[in-house]
Amino acid sequence: MDAPQDAREDSRIAIIGLGYVGLPLGLAFRDAGLDVVGYEADPARLRMLRDGQSPLDDVSDNRLSDALAGGLRINSPGDDGLAEADAIFICVSTPVTADNEPDLRPVLAAVDYVAGFLRRGQLVVLQSTTWPGTTAGPVRDGLEKSGLLAGRDFGLAYAPERVNPGDRISFTAAIPRLVGGFTREDGERTAALLRKLGGEVRELSSADAAELAKLHENVFRNVNIALANELALLCERMGLDVWEVIGAAASKPFGFMAFWPGPGVGGHCIPVDPYYLSWRARQVGVSERFVELAADVNESMPNHVADLVARALEQRGSGMAGARIGVIGAAFKPNVRDARNSPAAAAIARLASLGAEVRYHDPHVPTLTDRAGVTRESVALDDLLASSDAIVVAVRHAAIDWQALYERAPLVVDTVNSSDGMTIRQGQVLRLGAGWS
């Protein structure tokens, strides 16, 4: 058996999956002077990357082009080079099934691919968010189909991504990295490699512990957003303003962190991770009722948005059937082009199912497929304002002139407090968690 590879020798890096996690990681390793090859299975994304066109808001075309000119290689699966890597990072999606159970097919497909090239001395690191036990369980099992053993013939570890799309700080050394190895030596080797990127690296006792830490930090957000959404529903019934209430509570300098209500949760992690945690808990005989309830609350918010639209139209003496509804924002959060699991997509589908004619405007998202599978194109904001009976604000993008919108919109359902500080007309705006303004 070959001697275990010293982390100081890990200079050739392979990245499986060049999305919002893998591409910035590859660029960071390249900036640190390491040799990097990335693998992307999606043909359209592969073409973009090879042409120097970044698919991410947080990576400029210039930065990608400079990296390509500097030696960054971008391959499709099956191209040569994986066996030459010292360390292989798996950065693929971890969605849920239609029944809200973990769907590890992208991870296991990547594992099967790696196993076909795996050699002694390599290090394999999973970065995808997943349930505790994935790295030491199905990932290890898949890699050992190569005939090599984890912890003896090759290294294995989990080092979760901590990316916040739209926040470039989250791609830098300012954010500590977590590492849990299959063995202590695997963890130490992975930590030494990640320290080449700069910043703090915290070593945990196991891959399972690192996997659970990652789930906990994301589920923490989901649970607290659910609490804010329930508070918004309560304030609507009590005639109070949830934005005032939470803002006042946030003046306390200790023991409180402000989370805000909205039309739901979206993105790559927050709507998905509660189901990974609750599924794993059931496997060991524990019911995560609080986590599951929070997920239910957040999933219900797009329907509540549709209810608010119906209420606003009724106030004007009309109904949902045939109403022309314009939705502002399709991304899952402000100032990004990412519309994965967007609550706006769910709200649009709900409004359309109730008979409304729905169009949307988003300066970052040119096309959107709603939860019913219907694809729409973004329309010009002027056209949307001129032809809509009511406007629903689902995302507060900085690129939109909000005062101009409120000057022209006849009726607005504001789910993100975009009307705060705006000059509005009496009875023009129905705010989530606050009522009429």
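Now for a quick tour of the structure. Computed from a predicted model, the values in this text were never measured in an experiment.

1. As for the overall build of the protein chain
Okay, so step 1: Within the protein chain, the secondary structure is distributed over 13 helices and 16 strands.
Okay, so step 2: Taking 437 residues into account, the globule formula puts the C-alpha radius of gyration at 22 Å, and the protein chain, at 24 Å, falls close to it.
Okay, so step 3: If one aligns the C-alpha atoms of the protein chain with their principal axes, the spans along those axes are about 80 × 50 × 40 Å.
Okay, so step 4: The buried share of the protein chain, taken over its 437 residues, is 52%.
Okay, so step 5: Long-range contacts, defined as pairs at least 24 residues apart, comprise 66% of the intrachain contacts of the protein chain with a sequence gap of at least 6.
Okay, so step 6: When the accessible area of the protein chain is evaluated, it comes to approximately 18900 Å², of which 50% is carbon and sulfur surface.
Okay, so step 7: For the protein chain, the distance from the average position of its 43 positive side-chain charges to the average position of its 57 negative side-chain charges is 1 Å.

2. Overview of the pattern of salt bridges
Okay, so step 1: According to the stated counting rule, one finds 23 salt bridges in the structure shown.
Okay, so step 2: In this structure, Asp370 engages Arg376 in a salt bridge whose closest nitrogen and oxygen atoms are separated by 2.6 Å. Each of the two residues, Asp370 as well as Arg376, counts as buried.
Okay, so step 3: Beyond isolated ion pairs, a larger network of salt bridges with shared partners links Glu161, Arg162, Lys214 and Glu217.

3. Side note on the packing of helix α7 (residues 207-238) against helix α9 (residues 273-283)
Okay, so step 1: Between α7 and α9, the shortest axis-to-axis distance is 9 Å and the interhelical angle comes to 125°. It follows that α7 is oblique to α9 by the angle criterion. As α7 runs across α9, the sense of the crossing is left-handed. Mapping the contact onto sequence places Leu212, Leu215, Asn218, Val219 and Asn222 in α7 and Asp273, Pro274, Tyr276 and Leu277 in α9.

4. Comments concerning unusual backbone geometry
Okay, so step 1: Residue Asn100 is not a glycine yet carries a positive backbone phi of 60°.
Okay, so step 2: Secondary-structure assignment places Asn100 in the loop between β4 (87-90) and α4 (105-115).
Okay, so step 3: The backbone of Asn335 shows a phi angle near 70°, a positive value even though the residue is not glycine.
Okay, so step 4: By the element assignment, Asn335 lies in the loop between β9 (324-328) and α11 (343-353).
Okay, so step 5: On the basis of relative accessible area, Asn335 is assigned to the partly exposed category, the value being 38%.

5. Overview of the packing of α9 against helix α10 (residues 289-315)
Okay, so step 1: Packing of α9 against α10 brings their axes to within 9 Å, and their N-to-C directions diverge by 150°. Taken as axis vectors, α9 and α10 run roughly antiparallel relative to one another. For α9 against α10, the interelement crossing comes out left-handed. Here α9 contributes Pro274, Tyr275, Leu277, Ser278 and Arg282 to the contact with α10, which in turn contributes Val291, Glu292, Ala295 and Glu299.
Okay, so step 2: Among the residues making up the contact of α9 with α10, the classes are represented as five nonpolar, one polar and three charged.

6. Concerning the environment of Leu308
Okay, so step 1: The topology assignment puts Leu308 in helix α10.
Okay, so step 2: Overall, Leu308 belongs to the buried group, its relative accessible area being 2%.
Okay, so step 3: The spacing of Leu308 and Pro24 is 284 residues in sequence and 40 Å in space, taken between C-alpha atoms.
Okay, so step 4: Residues in contact with Leu308, not counting those within four places in the same chain, are Glu236, Val413, Leu430 and Leu432.

7. Considering helix α5 (residues 135-143)
Okay, so step 1: Among all positions of α5, only Thr135, Gly137, Val139, Gly142 and Leu143 are buried.
Okay, so step 2: Residues of α5 that are buried in the fold lie against α4, β5 (123-126), β6 (155-158) and α7.

8. A word on the pairing of strand β2 (residues 35-39)
Okay, so step 1: Burial analysis of β2 places four of its five residues in the buried class, the great majority of the element.
Okay, so step 2: Bridge count between strand β1 (residues 12-16) and β2: five bridges; the pairing is parallel. Residue pairing in the sheet places Ile15 in a bridge with Gly38 of β2.
Okay, so step 3: Two strands pair when backbone bridges link them, and β2 and strand β3 (residues 73-75) are joined in this way by three bridges, in the parallel orientation. Within β3, the position partnered with Gly38 by the bridge is Ile74.

9. Here's the deal with the sheet that holds strand β14 (residues 412-414)
Okay, so step 1: On the basis of which strands lie adjacent, the open sheet formed by six strands has the order β10-β9-β13-β14-β15-β16 and mixed pairing. The open sheet is flanked by β10 (357-361) and β16 (435-436), the only strands paired with a single partner.

10. Focus on the sheet that holds strand β7 (residues 177-181)
Okay, so step 1: Strands sit in the order β3-β2-β1-β4-β5-β6-β7-β8 across an open sheet of eight strands; the sheet is mixed. Edge positions in the open sheet fall to β3 and β8 (201-204), since each of these has one partner strand only. On average, each strand axis in the sheet is inclined to that of its neighbour by 25°, with strand direction left out of account.
Okay, so step 2: Of the strands in this sheet, β1, β2, β4 and β5 are in contact with α4, which crosses β4 at around 160°.

11. Looking at the nonpolar core
Okay, so step 1: If you look at the biggest cluster of nonpolar residues, it comprises 38 residues, and the most contacted ones within it are Ile16, Leu82, Ile90, Val114 and Leu143.
Okay, so step 2: Sorting elements by how many residues they give to this core places α7 first, with six residues.
Okay, so step 3: Sequence-distant contacts of Ile90, defined by excluding residues within four places in its chain, comprise Ile16, Ala110, Val111, Val114, Val124, Val125, Leu126, Gln127 and Ser128.
Okay, so step 4: Listed in part, the 35 residues of the second largest apolar core include Leu46, Leu72, Leu123 and Ala157.

Parameters at a glance
Residues numbered from 1 in each chain as written. Predicted model: local features only at pLDDT ≥ 70, side-chain atom pairs only at ≥ 80, totals over all residues. Heavy atoms only, no water. Helix = DSSP H or I, 4+ residues; strand = E, 2+ residues; numbered from the N terminus. Rg over C-alpha atoms; globule rule 2.2 N^0.38 Å. Buried < 20%, exposed > 50% of the residue type's maximum accessible area, 1.4 Å probe, protein only. Contact = heavy atoms within 4.5 Å. Areas by Shrake-Rupley, 256 points an atom, 1.4 Å probe, with all protein chains shown as cover. Lys, Arg positive; Asp, Glu negative; His and termini not counted. Charge placed at Lys NZ, Arg CZ, Asp CG, Glu CD. Salt bridge = Lys/Arg side-chain N within 4 Å of Asp/Glu carboxyl O. Axes fitted to C-alpha atoms, helices over the stretch in contact; angles between N-to-C directions. Parallel < 35°, antiparallel > 145°, perpendicular 65-115°, else oblique. Left-handed = near helix turned anticlockwise from the far one by under 90°. Nonpolar A, V, L, I, M, F, W, Y, C, P; charged D, E, K, R; others polar. Pairing = 2+ DSSP bridges. Core = buried A, V, L, I, M, F, W, Y, C linked by side-chain atoms within 4.5 Å.

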